[in-house]
Each structure stands twice: as C-alpha cells, then as structure tokens.
Amino acid sequence: MLGVTVRRLAAALPTLVGVVIVTFLLTRALPGDPAAYFAGPAATQQAIAEIRAKLGLDQPLPVQFLDYVQDLLRGDLGLSITTGQPVLHELTTRLPASAELTLLGLLFAGSVGITLGVLAALKQNSWLDNLCRVVATLGVSLPTFFTGLLLIYVFYYLLGWAPAPLGRLDAFASPPPHVTGFYLIDSLLAGDLETFRSALAQIVLPAITLGIFAVAPIARITRGSMLAVMGSDFIRAARGHGLSGRTVVVAYALRNALLPVVTTLGMVFSFLLGANVLVEKVFAWPGIGSYAVEALIASDYAPVQGFVMTMGVLYVLLNLMIDLLYQVIDPRVRLEA
Amino acid sequence: MSAAATLDAAKIGPHARVPVLDVRDLSVEFRTRSGLVRALEQVSLAVHRGECVGVVGESGSGKSVTAYAVMRLLDAAGRVTAGDVRFSGIDLLAASDADIADLRGREMSMIFQNPRAALNPIRPVGRQIADVLIRHGGVTRDQAPDRAVQLLAEVGIPDPRRRAHAYPFELSGGMCQRIGIALALACRPALLIADEPTTGLDVTTQAVIMDLVTTLARERGMATVLITHDLGLATEYCDRIVVMHAGHVVESAPTAEIFATPRHPYTAKLIAATPRPGVPLSGLVSIPGNLPDLRATNLAPCRFLARCDRAHADCAVPPLLRQEEEGRMVACRHPL
Ligand SMILES: Nc1ncnc2c1ncn2[C@@H]1O[C@H](COP(=O)(O)OP(=O)(O)OP(=O)(O)O)[C@@H](O)[C@H]1O
Ligand SMILES: [Mg+2]
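Rules behind the numbers
Residues numbered from 1 in each chain as written. Chains lettered and ligands numbered in written order. Predicted model: local features only at pLDDT ≥ 70, side-chain atom pairs only at ≥ 80, totals over all residues. Heavy atoms only, no water. Donors = N, O, S within 2.8 Å, 3.2 Å for Na, K, Ca; no water. Helix = DSSP H or I, 4+ residues; strand = E, 2+ residues; numbered from the N terminus. Buried < 20%, exposed > 50% of the residue type's maximum accessible area, 1.4 Å probe, protein only. Phe/Tyr/Trp six-rings, centres within 6.5 Å; stacked < 30°, edge-to-face > 60°. Lys NZ or Arg CZ within 6 Å of the ring centre and 35° of its normal. Core = buried A, V, L, I, M, F, W, Y, C linked by side-chain atoms within 4.5 Å. 1 Å grid on protein atoms, 1.4 Å probe; cavity = no way out; pocket = protein on both sides within 12 Å on 5 of 7 lines; lining within 4 Å. Points joined across faces, edges and corners; volume = space filled by probe spheres on them. Nonpolar A, V, L, I, M, F, W, Y, C, P; charged D, E, K, R; others polar. Polar contact = N/O pair within 3.5 Å; in protein donor to acceptor, adjacent residues only side chain to side chain. Contact = heavy atoms within 4.5 Å. pLDDT = per-residue confidence, 0-100. Pairing = 2+ DSSP bridges. Axes fitted to C-alpha atoms, helices over the stretch in contact; angles between N-to-C directions. Near = heavy atom within 4 Å. Areas by Shrake-Rupley, 256 points an atom, 1.4 Å probe, with all protein chains shown as cover.

A. Seen up close, the coordination of the magnesium ion (ligand 2). All names here are of chain B. Looking at the magnesium ion (ligand 2), the protein donor atoms are Ser-64 (OG) and Gln-113 (OE1), and they sit 1.9 to 2.3 Å from it. Within this pair, whereas Ser-64 is found in helix H2 (residues 63–71), its partner Gln-113 is found in the loop between strand E6 (108–111) and helix H4 (125–135), the two being separated by 49 residues in sequence. For Ser-64, a relative accessible area of 17% gives the class buried.

Put into structure tokens, the structure is as follows:
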C-alpha cells in the first residue's frame, strides 16, 4: 500500500508542475496592475515604478517565474497586498472551513445519492425510481447559487428554521479550541454541545446546497451499476445458495455496485470544490473560496495563486485517496498495482 | 404445513418412490421488447433419490431455464405460465419466498454454468462458502471458516487453507468449478442440479470434476440433474437421459435404451453427431438447421419440424403427441 502511495504521488508530480506554471501565467495574464493598486490612487508614476521594482514585476517573465518557484519551494506563497498577511497563513486558517463544508456536502450527496440509487434499482419503475429521476434532473439543472438562495428563502426567511446565513457560528458563540479546525469535531472534542449545535445549524444549509447538485450524478450511477450487478450471474448464484435478501443486496450487490460510484466520486468532488466558491459567497462562509474571490476582485495576485495551488494539491491528494479506497474495495486492482 | 415438516414426512413416509424432483408440464415465457419468448413448453422430468438424470440439448434448448424455474431463480422477465414442480412432495411454485430461500443451498443446490461468473468477484472464496454455511445454520461464525477450508479440501483443492483467502480471479477455471461444487454441496442437499459443470475445462480436469460430483452423489444418495450439451458425458454418468430441443422434451429414456434405440429423429441425429468409440471423427454428422425463433407466434406444434427429414403432413397438426411407454417418452407422431 505504501509503495503504491509513493508511486501515485510521483505520477502526480507532472500535474503539480502544470498547476504551478498555469497559476503563474494565469495571474500574469489577468487585467489590473497590482503595483498601481498597492501604491494607491494618489501615487505618482515614479512611486508606482518603484513599487513594481520592489515586487519584482519589472523583471522579464522567466525571471519572475524562477523567483516564484524558489519562493514556493521555501513554502512562501507571498503576501496578500490587501491584508498584508502571508498568503500561506491565511489559506491554512481558512482551509478547515472550506474542507468541513465540502466534506459534509459530499457526505450528504453520497448518502442520499447512494440510498436513492439503490432503492430506485431495487424497485425499478416504482414512484421511488421516478423520484430519483426527478431529483437527478432538478439537481443538475438548478444552478448552485440559486439552490442556495432558495433554501435560505424557505428555511431562514419563510420558516425561520435555519439561522441567518452569516458564517460558521452564530454571533454569540465562540469557536471551539483549535484541534482539527473542523468546528463540528473540535466542539465535540471539547464536549461543548452548545457550540456543536450552533455550528451544525450554520453548516446544514450550505452543505445541502453544495451536495444537492452532486446527489444526481451519484444516484444515477448507483442506480445503473446496481441494476447491472443485480442482473449478474453471481447474484443469481448467491440467491441460489439461499443467502438472505439482505446479505445478497448489501454484502454481495452493493459492494460491487459501489466500484464505479467510487470512481465518479473523484469527479464529483472536484465539481464540489469549484461550486464551493459560490456557496461560500452566498452563505458568507469564511473559507478559501470567498478569500480567493475577494482577492481576485482586488487584483491581488498572491492569494489567487495560492488558492489555485491549494485546489491543485487537494485535487491530486483526493485522487490518490480514491485510488487507495478503490484498492481496499476491489482486490483485482490491488494485484495489478 | 411448513415446508420443512412436509419434507421430513416425505423423506421418512411410506412413499419411498416419491421422486425427489418431479417437474410436470412446466411452461415458461419471457416477456421481452421484441416479443414473448416461449422458452419452455410442457417440460416434464423426474429424478429419484440416488439417481442421476442427464438433460441434454444444444445451446438455447432451455436447459438452464428449466433449472432456474425449478430453483425459482428466473429473471424478472420470466414467468411460469403452467405446470407443477415438486421437491419431495413440496409444491415449489406455491411455496413462499422465505420457504424457498430456506430450501435453496440446503436441500436443493445448484452448480451454476460459467463458474467464475457465478462467484462474487470481490469476496474471498472461503468467505463465500462460510456465508452459505452460516446462512443455513449448523455452524457458528467462528466455526464457519474452518468448515469452509474442510469443504475446499473435500473437493480436492490443494492447500485449502491458503486458497480460502483467494479471490475468484486468482484461481483457474477448474478451481472455480470446484469452489462452485463446494458451495453447492456445503449443506449436503438432497437434490443437486449441475448446469454444465465441466464446460471450458480440459478433458482430464473434466473427468476429475465429474468423478468428484458422482462420487459425492453416490455417497450421499443425492438426486442429481446433470445438464450438458455433451451427450457423451451424459451417457457416461447418467442413469436416464432427457433430450431437450427448443424448449420441449423430445425424448426421455434410460441411458442404455436411448443409445440402443433412439426413437426421436433429433435424438438419433444427436447420437450421430456425438464422438463415440469405433467411429472416426469424419464419420460424425452435424445436425442441419437451427433452433426455431421462440418468439414466433406461429410455432409449429413440433418445434423440430423444420429440421426434420421425416416430416409428414400431420406433423404440423396440433397438438404435439407425447407417447409414453415403459418408462420412455417420445414427442413425435412418427418415431423411429
Ligand atoms: N432473460 C431472458 N429473456 C429472454 N429470453 C430468455 C431469457 N433467458 C433465456 N431466454 C431464452 O430461453 C431459451 C433457452 O435458454 P437457456 O439458457 O435455457 O439455454 P441452454 O439450453 O441453457 O443453453 P446453453 O447450453 O447455451 O446454456 C433461449 O432461447 C433464450 O433466448
Ligand atoms: Mg445454459
């Protein structure tokens, strides 16, 4: 397993190099002059030129790139021009908020999607199957920000069940002591149920908004693969040996049916990472997505670069995790590796 | 009366000659997009304790469908439209799903065609055997793995303790076939349906597997249905032979008689096409034509009619005549 991990990581290196090059070029290609922004509206031409020289922006691109790579290797993602803080620090403090939201969204999408897909396959053409089809279509066709606003309108404004969509905790609660950075986990570790409840109330709507649009692909793939597996020889044989319905469905059919689902989880997760940006904006979530959007508006290169880098790294790590998960489930892959 | 109680009564009761499996006039249809497939029509066969009955016929003649119908394992598209299936007196078609599930694997078992595909690809084979043992009781969860290893040894798998942890893709076709046999025989059933247990195996392995099945069957007095397209194999191991063609049983008779005096033209052609001692391979005659399309609405009463060189005008007149005498049956108006 360890050997495989190392090999997969090595195979991911070119991807990471690509991410570094693309982020560098992308931010240089963006409109806006950071030197002018940094110098302020009243600055003279000369002041701007000095700042440009100080930031190294007057150097030719290859030189700038080498500087950039050297900084990266030292773990230096630069300073945010707007906040004056090191980008690495800001990203690491904000990352847990995004990660908690995305993972919960994925958990929601996975559990609802897989359940719906399995039920739809077992009761083909029943009302459940039709519901599954409707959810699949709706989930894909509604834009994420719209789902978010709709949920806020219904559950906060109309029903008053959800708290105001203003971040990770309500105004009166204070964050739990930092262990993992996930409020849900840290509050439980601290035994602080009050904070846990507050954090949970805040995260439910954004997590559902994020996850709902991944329910559809997961449910559809689960249904299809479950149907295929239920019709296969070994399921007939399992029933033929008298195994109970539950063993057949869960231990025999579902585990096999999950193989293609796990593969799509990787794709779904990268969708979620992208959708995160919008959801964080709608729910005032203090994650790296909203951080990147603000920096982008301010022509603040370094945070945007850092954000894209983080996404690239997350994506690579995630695919690695999915590879490993796949190997746990499917012995045939283990042998090949 | 519960299925189990009926079973005990049938086993020890005075009706010692109640067949273990008695199929009468079984008809099965499949509803498909392209029409109704009349896969079986009035199929009858009986198997007694300790007896081995061969079901022979070319590909598509309905052998597997017969087995699935008996085991109540037909696809959702398949439906039994008529007939009666009794296992030691129990009406299998009327029994509840729960009763059937209790009987399957414990009292009546099946070795499935295509052994590798019939195994769960991502579960160690020992676990799969243990699943069946645990399901039917008799062993605890702790004992099951050891008992599974023991069963693997019984079907002649070398190094069974290590092989129990293997996945199907790590085993050869012959090994998978043995696993299938171990699964089917795990609970010492009264009836074994073996669907092509030796296809795809080399001749040596084929003989070893067949000897294994028949030895175990004899030892335990098990009733066996051997499904095969290989008439030679059936003659070697079976007491009786049932010949199927396009969803009909065209002839059934004791093995020696069917070989000496085949009465249905299809049986005669099948024998002529089977390699046997004293006949050079060039002397074998293949059977002309193909099976009729079972979706056709105007199927002739005799489904062999279009391929038969003895066809008379009255062969196209329904119904299909099934003549029975002295333990033999032939479905032909003009038998040989
Ligand atoms: N699910 C199904 N839907 C439609 N038709 C089916 C289905 N299953 C079987 N049949 C039809 O039933 C007929 C008999 O098939 P069966 O599998 O019993 O043949 P077989 O004698 O076992 O052949 P083989 O030697 O190839 O295993 C075939 O004509 C087949 O097309
Ligand atoms: Mg078959």
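The rest of the description comes next.
B. Just unusual backbone geometry, in detail. Residues and elements named next belong to chain B. Residue Pro-319 is reached from Pro-318 by a cis peptide bond, and omega for that bond is -5 degrees. In the Ramachandran plot, Asp-25 falls in the positive-phi region, its phi being about 50 degrees despite a non-glycine side chain. For Asp-159, which is not glycine, the phi torsion reads 55 degrees and is therefore positive. Along the chain, the position of Asp-159 falls in the loop between helix H5 (144–154) and helix H6 (160–163).

C. Region of the structure containing the packing of aromatic side chains. Per the counting criterion, the structure on display carries eight aromatic pairs over all chains. Ring centres of Tyr153(A) and Tyr157(A) lie 5.5 Å apart, and the angle between their planes is 20 degrees; on these two criteria the pair is classed as stacked. Here Tyr157(A) and Tyr153(A) lie together in helix H7 (residues 144–158), a separation of four residues that amounts to about one turn. A relative accessible area of 44% means that Tyr153(A) is categorised as partly exposed. Since its relative accessible area comes to 61%, Tyr157(A) is described here as exposed. Ring centres of Phe213(A) and Phe271(A) lie 6.3 Å apart, and the angle between their planes is 70 degrees; on these two criteria the pair is classed as edge-to-face. Residue Phe213(A) is located in helix H9 (residues 193–230), and its partner Phe271(A) is located in helix H11 (residues 245–282); the two are separated by 58 residues in the primary sequence. Taken together, the aromatic side chains of Phe24(A), Phe65(A) and Tyr68(A) make up a single cluster linked through ring pairs. Above the ring of Tyr183(A), the side-chain terminus of Arg168(A) is found at 3.7 Å from the ring centroid. Lying over the aromatic face of Tyr68(B), Arg236(A) brings its terminal NZ or CZ to 3.7 Å of the ring centre.

D. Local environment of the nonpolar core. If you look at the biggest cluster of nonpolar residues, it comprises 123 residues, and the most contacted ones within it are Leu21(B), Phe87(B), Ile129(B), Ile179(B), Leu191(B) and Ile193(B). For this core, the element with the most residues is helix H7 (residues 173–185) of chain B, which contributes eight residues. Among the nonpolar cores identified, the runner-up in size contains 53 residues, and Tyr183(A), Ala219(A), Trp285(A) and Tyr291(A) belong to it.

E. Up close: empty space enclosed by the protein. All names here are of chain B. Scanning all chains against the criterion turns up eight cavities of 30 Å³ or more. The calculated volume of the largest cavity comes to roughly 120 Å³. Lining the largest cavity we find 15 residues, and of these Cys-302, Cys-315, Ala-331, Cys-332 and Arg-333 sit closest to its centre. Here the residues of the lining of the largest cavity are counted per class, giving 11 nonpolar, two polar and two charged.

F. Quick look at the side chain of Gln177(B). Residue and element names in this part refer to chain B. Structurally, Gln-177 is set in helix H7. By relative accessible area, Gln-177 is classed as buried at 0%. Within the local environment of Gln-177, its side chain forms a polar contact with the backbone oxygen of Pro-197, the two atoms lying 2.6 Å apart. Setting aside residues up to four positions removed in sequence, Gln-177 forms contacts with Ile-111, Pro-115, Glu-196, Pro-197, Thr-198, Leu-201 and Ile-209.

G. Quick look at the confidence of the model for chain B. Residues and elements named next belong to chain B. When pLDDT is averaged across chain B, the result is 87; 95% of the residues are at 70 or more. At the level of individual helices and strands, chain B shows its lowest average pLDDT in helix H1 (residues 3–12), which scores 50, and its highest in H2, which scores 96. Residue range residues 9–15 is modelled with pLDDT below 50. Its contacts to residues more than four positions away, or to other chains, number four contacts. Model confidence for the complex is summarised by a pTM of 0.83, with the ipTM given as 0.88.

H. Up close: the sheet that holds strand E2 (residues 35–47) of chain B. Residue and element names in this part refer to chain B. In spatial order, the strands read E2-E1-E4-E5; together these four strands make up an open sheet with antiparallel pairing. Two strands in the sheet have a free side with no partner beyond their single neighbour: E2 and strand E5 (90–91). Relative to E5, strand E4 (residues 78–87) runs antiparallel, the two sharing two bridges. Across the sheet, Phe-87 pairs through a bridge with Ile-90, a residue of E5. Strands strand E1 (21–32), E2 and E4 of the sheet are contacted by H2, whose axis makes an angle of about 105 degrees with E1.

I. Up close: the site of ligand 1. Residue and element names in this part refer to chain B. Surveying the vicinity of ligand 1 reveals 14 residues, the closest of which are Ser-59, Ser-64, Val-65, Asp-75 and Gln-113. Residue Ser-64 places a side-chain N or O atom 2.7 Å away from an oxygen atom belonging to ligand 1. Asp-75 is positioned such that a nitrogen or oxygen atom in its side chain is 2.5 Å from a nitrogen atom of ligand 1. Compared with its free state, where it exposes 640 Å², ligand 1 has 70% of that area covered by protein. When residues of the shell around ligand 1 are assigned to their parent elements, the largest contribution, three residues, is made by H2. By residue class, the composition of the shell around ligand 1 is four nonpolar, seven polar and three charged.

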